[in-house]
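Next come the chains, spelled out residue by residue.
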Amino acid sequence: AQSVAQPEDQVNVAEGNPLTVKCTYSVSGNPYLFWYVQYPNRGLQFLLKYITGDNLVKGSYGFEAEFNKSQTSFHLKKPSALVSDSALYFCAVRDMNNNNDMRFGAGTRLTVKP
Amino acid sequence: DTGVSQDPRHKITKRGQNVTFRCDPISEHNRLYWYRQTLGQGPEFLTYFQNEAQLEKSRLLSDRFSAERPKGSFSTLEIQRTEQGDSAMYLCASSWQGAGYEQYFGPGTRLTVT
């Protein structure tokens, strides 16, 4: 079965600095990978996904993520963090051969300080 | 607003009572998912529908839980004889059919069992 690990419970960065939120995954087949963000009292919002093709995918709000098959990673990045980026971020994976079950990581709380 | 909606947003109930939650998906989506999220964790898959057919249930979904999606539109999730361990955020999501499609989440229903 597929699984996701987000090794950092919390990431703190200063506004204007680059940010990285880490994600590693495990699947038996080819992965479909997703990043979601959750603001307080709100549902999860889709940020970006990797299905196939270019390993660098760009998403909403200036976020991007790089798929690295050899390291089984899909880290979320942004060149310049904003205070408004402070939220809970979830990585999720789906096995291409099992399109029913999406597994989420435990989440990483990003805090961007002014 | 044409996003996923859930009702109620909050529910407080006494142990042993039955509760029912409703989810209205994005109208064009034929897949509807239910997840449970507890504090500090990512969403955990409960069940999903393709149109009106319930195609998969997680082992997390005990016999006290039942979900329906009559006519393939809105869905209900019922919990019978609630227990304190059922206290969680219940999330609904919808998507087009296919593993590569992202899911769109509703705001969730927060259940507190006293």
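Residues numbered from 1 in each chain as written. Chains lettered and ligands numbered in written order. Predicted model: local features only at pLDDT ≥ 70, side-chain atom pairs only at ≥ 80, totals over all residues. Heavy atoms only, no water.

Novice: For this particular structure, what's the right way to read the side chain of B:Gln103?
Specialist: Structurally, B:Gln103 can be placed in the loop between strand E9 (88-95) and strand E10 (104-105). In this structure the side chain of B:Gln103 is engaged in a polar contact, spanning 2.8 Å, whose partner is the side chain of B:Tyr35. B:Gln103 has contacts with A:Tyr36, A:Phe46, A:Arg94, A:Met102, B:Tyr33, B:Tyr35, B:Ala93, B:Ser94 and B:Ser95, leaving out every residue within four places of it along the chain. (Helix = DSSP H or I, 4+ residues; strand = E, 2+ residues; numbered from the N terminus. Polar contact = N/O pair within 3.5 Å; in protein donor to acceptor, adjacent residues only side chain to side chain. Contact = heavy atoms within 4.5 Å.)

Novice: So what exactly am I meant to see when it comes to the nonpolar core here?
Specialist: Here is a general trend for soluble globular proteins: nonpolar side chains tend to be buried in one another's company. Counting 28 residues, the largest nonpolar core has A:Trp35, A:Leu47, A:Leu48, A:Phe74, A:Leu76 and A:Tyr89 as its most contacted members. Excluding anything up to four places from it in sequence, A:Leu48 contacts A:Leu33, A:Phe34, A:Trp35, A:Val57, A:Lys58, A:Gly59, A:Phe63, A:Glu64, A:Ala65, A:Phe74 and A:Leu76. In terms of nonpolar packing, the next biggest core, distinct from the first, is built from 19 residues, B:Ile26, B:Phe49, B:Leu61 and B:Ile79 among them. (Core = buried A, V, L, I, M, F, W, Y, C linked by side-chain atoms within 4.5 Å. Buried < 20%, exposed > 50% of the residue type's maximum accessible area, 1.4 Å probe, protein only.)

Novice: Can you walk me through the interface of chain B and chain A in this structure?
Specialist: The interface of chain B with chain A comprises 22 residues on the first partner and 20 residues on the second. Summed over both partners, the interface of chain B with chain A comes to about 1700 Å²; 49% of that surface belongs to carbon and sulfur atoms. Counting the surface chain B buries against chain A, the share from its top three residues, B:Ala99, B:Glu102 and B:Phe105, is 28%. One can count 1 salt bridge joining chain B with chain A. For A:Lys49, the salt bridge goes to B:Glu102, with nearest N and O atoms at 2.7 Å. Between the two partners, chain B and chain A, sit 5 residue pairs in polar contact (both at pLDDT 80 or more). (Buried area = accessible area lost by both parts, 1.4 Å probe. Salt bridge = Lys/Arg side-chain N within 4 Å of Asp/Glu carboxyl O.)

Novice: Please clarify how the packing of aromatic side chains should be interpreted in this entry.
Specialist: In this description, an aromatic ring pair is defined by two values, namely the gap between the centres and the angle between the planes. Using the criterion set out here, one finds 17 aromatic pairs over all chains in the structure. Look at A:Tyr50 and A:Phe67: their rings are 4.1 Å apart centre to centre, the planes differ by 20°, and that puts the pair in the stacked class. Note that A:Tyr50 is positioned in strand E6 (residues 44-50) and A:Phe67 in strand E8 (residues 64-68), a separation of 17 residues in sequence. The residues A:Tyr50 and A:Phe67 share a single accessibility class, namely buried. Three or more aromatic residues joined by ring pairs form one cluster here, namely A:Phe34, A:Tyr36, A:Phe46, A:Phe104, B:Tyr33, B:Tyr35, B:Phe45, B:Tyr48 and B:Phe105. Above the plane of the ring of A:Phe63 lies A:Lys78, whose end atom (NZ or CZ) is 5.0 Å from the centre. The residue whose ring lies beneath B:Arg22 is B:Phe74, and the NZ or CZ to ring-centre distance is 3.9 Å. (Phe/Tyr/Trp six-rings, centres within 6.5 Å; stacked < 30°, edge-to-face > 60°. Lys NZ or Arg CZ within 6 Å of the ring centre and 35° of its normal.)

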